[in-house]
Amino acid sequence: MTEQTMADGRPMFYFDDVATDGPVHQAPDTRPLPEPPHAGEQRFDVLTGEWVTIAGHRMNRTFLPSAADCPLDPTTDPARPTEVPDSGYDVVAFANRFPSFAPLTVGPAADATPPPFGPADLPAYGHCDVVVFSSDHDAAVADLPAARMRTIVEAWAHRTAAHSADPRIAEVFVFENSGQEIGVTLSHPHGQVYAYPVVPPRSQQLVEQARRHRAVTGGNLLADVLAAERAEGTRVVLQGEHFTAYVPRAARWPVEVHLAPHRDVPDLAALDDAERAELATVYQELLRRVNRFHPGVDRVPYISGWHQAPTGEDRELGRLHLQLFSLLRAPGKLKYLAGSESGMGAWINDTTPERIADRLREVAS
């Protein structure tokens with residue numbers, strides 16, 4: 001791994017498929033960039049008990065640039081520099097130029113009117129990384145060489161460990177949005193890492209359910225769910241030595257699969273070498289199956305997110321697991337979150353988890 005600093009002070013990390021001797025990735029970032037934006041703020045929603053992040057500086061972030069203007073391509077023409085100053089790379093991670101959470105913060109204004117209920121507003125402190133998976137603008141993660149996927153896993157683990165060490169971070173989320181239907185604004189293959197200052201709502205729900213489960217059974221909820229799915233087998237999609245993939249019994253999306261390690265580990269950084277190696281293989285196999293899910297569709301839009309344990313309080317109640325899903329319910333037809341889901345959070349799935357699992361097994365390579 002090679003660490004560099006971007007023109008505006010943001011950190012950048014190059015990860016290579018094969019270690020090389022001598023200095024690498026020494027190209028400087030020569031752009032005249034302004035200081036990175038300060039963090040926005042977090043406001044507490046007293047109706048739901050959730051923190052909402054206000055990040056007004058993201059309104060004008062890069063949106064669907066042409067391939068010639070992609071900021072994630074390597075810099076091959078000094079007159080047209082990109083976010084990556086080197087002319088070639090395998091995997092590169094750097095702090096987002098338009099972050100939802102940022103380490104540069106300003107406190108609430110001294111004359112700010114306090115909210116009528118609930119806690120005062122807070123700076124949206126945190127970290128947002130972009131992880132670029134390939135210098136090839138048109139590549140897809142499912143089709144990358146096995147060695148590259150292994151490098152990506154190392155990058156995920158590295159950034160997870162680095163951000164988890166920050167005492168002001170409550171949880172680290174590693175994810176990828178793929179496909180314009182999902183809302184992707186840059187088509188170059190990449191993912192992101194968010195380091196939150198508070199535990200996000202979904203994780204709060206999971207922790208509370210895990211706490212109740214432990215009080216009744218003494219067990220770990222996520223570990224016990226995995227064991228139950230493996231024992232029943234109906235929704236298991238694939239099993240390896242270290243990981244099992246299954247469709248959750250109450251799947252919400254028309255295509256959804258979870259992947260969990262057999263060993264109790266809190267996050268990606270805690271995986272050992274053998275687990276990381278198998279993860280690289282299993283993950284790409286899951287992506288390939290999702291891409292084959294709908295006949296006639298070459299690339300299925302998806303969201304892939306690694307849920308990791310909180311970094312501090314309640315860490316023992318969390319457990320690493322992947323949630324991979326698509327909102328494409330049929331070729332050319334998306335599942336829209338309309339009134340029931342968006343307005344009330346009352347989920348309705350148009351298929352059954354068992355059918356999803358059958359199809360994901362049927363399209364195995």
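Parameters and conventions
Residues numbered from 1 in each chain as written. Predicted model: local features only at pLDDT ≥ 70, side-chain atom pairs only at ≥ 80, totals over all residues. Heavy atoms only, no water. Patch = residues over 30% accessible without salt bridge, like charges linked within 9 Å, V, L, I, M, F, W, Y side chains within 5 Å. Areas by Shrake-Rupley, 256 points an atom, 1.4 Å probe, with all protein chains shown as cover. Salt bridge = Lys/Arg side-chain N within 4 Å of Asp/Glu carboxyl O. Helix = DSSP H or I, 4+ residues; strand = E, 2+ residues; numbered from the N terminus. UniProt positions renumbered as here; feature names shortened; annotations may be inferred. Core = buried A, V, L, I, M, F, W, Y, C linked by side-chain atoms within 4.5 Å. Buried < 20%, exposed > 50% of the residue type's maximum accessible area, 1.4 Å probe, protein only. Domains from an automatic or database assignment. Contact = heavy atoms within 4.5 Å. Polar contact = N/O pair within 3.5 Å; in protein donor to acceptor, adjacent residues only side chain to side chain.

Attention now moves to a nonpolar patch on the surface. Taken together, the side chains of Val 46, Leu 47 and Phe 117 present a nonpolar region at the surface, about 370 Å² in accessible area. Inspection of the secondary structure assignment puts Phe 117 in the loop between strand S5 (91-95) and strand S6 (122-123).

All right, on to the UniProt feature "domain: Galactose-1-phosphate uridyl transferase C-terminal" (unreviewed entry) in the protein chain then. Residues annotated by UniProt as "domain: Galactose-1-phosphate uridyl transferase C-terminal" (unreviewed entry) correspond here to residues 212-363. The span residues 212-363 is 35% helical and 21% strand by assignment, and the distance between its end C-alpha atoms comes to 38 Å.

Further remarks concern the nonpolar core. Counting 58 residues, the largest nonpolar core has Trp 156, Leu 259, Leu 279, Tyr 283 and Trp 306 as the members making the most contacts within it. Residue contributions to this core peak at seven residues, all from helix H4 (residues 273-291). For this core, the domains that each give at least three residues are domain 1 (2-199) and domain 2 (202-363). Sequence-distant contacts of Leu 279, that is, excluding residues within four places in its chain, are made with Val 153, Phe 243, Leu 259, Leu 268, Leu 271 and Trp 306.

This part takes up the side chain of Lys 335. By the element assignment, Lys 335 lies in the loop between strand S16 (333-334) and helix H5 (339-344). Overall, Lys 335 belongs to the buried group, its relative accessible area being 6%. At 2.9 Å, the side chain of Lys 335 and the side chain of Glu 341 are in polar contact. The residues touching Lys 335, leaving out its near neighbours within four places in the chain, are Arg 252, Trp 253, Pro 254, Leu 327, Arg 329, Glu 341, Trp 347 and Ile 348.

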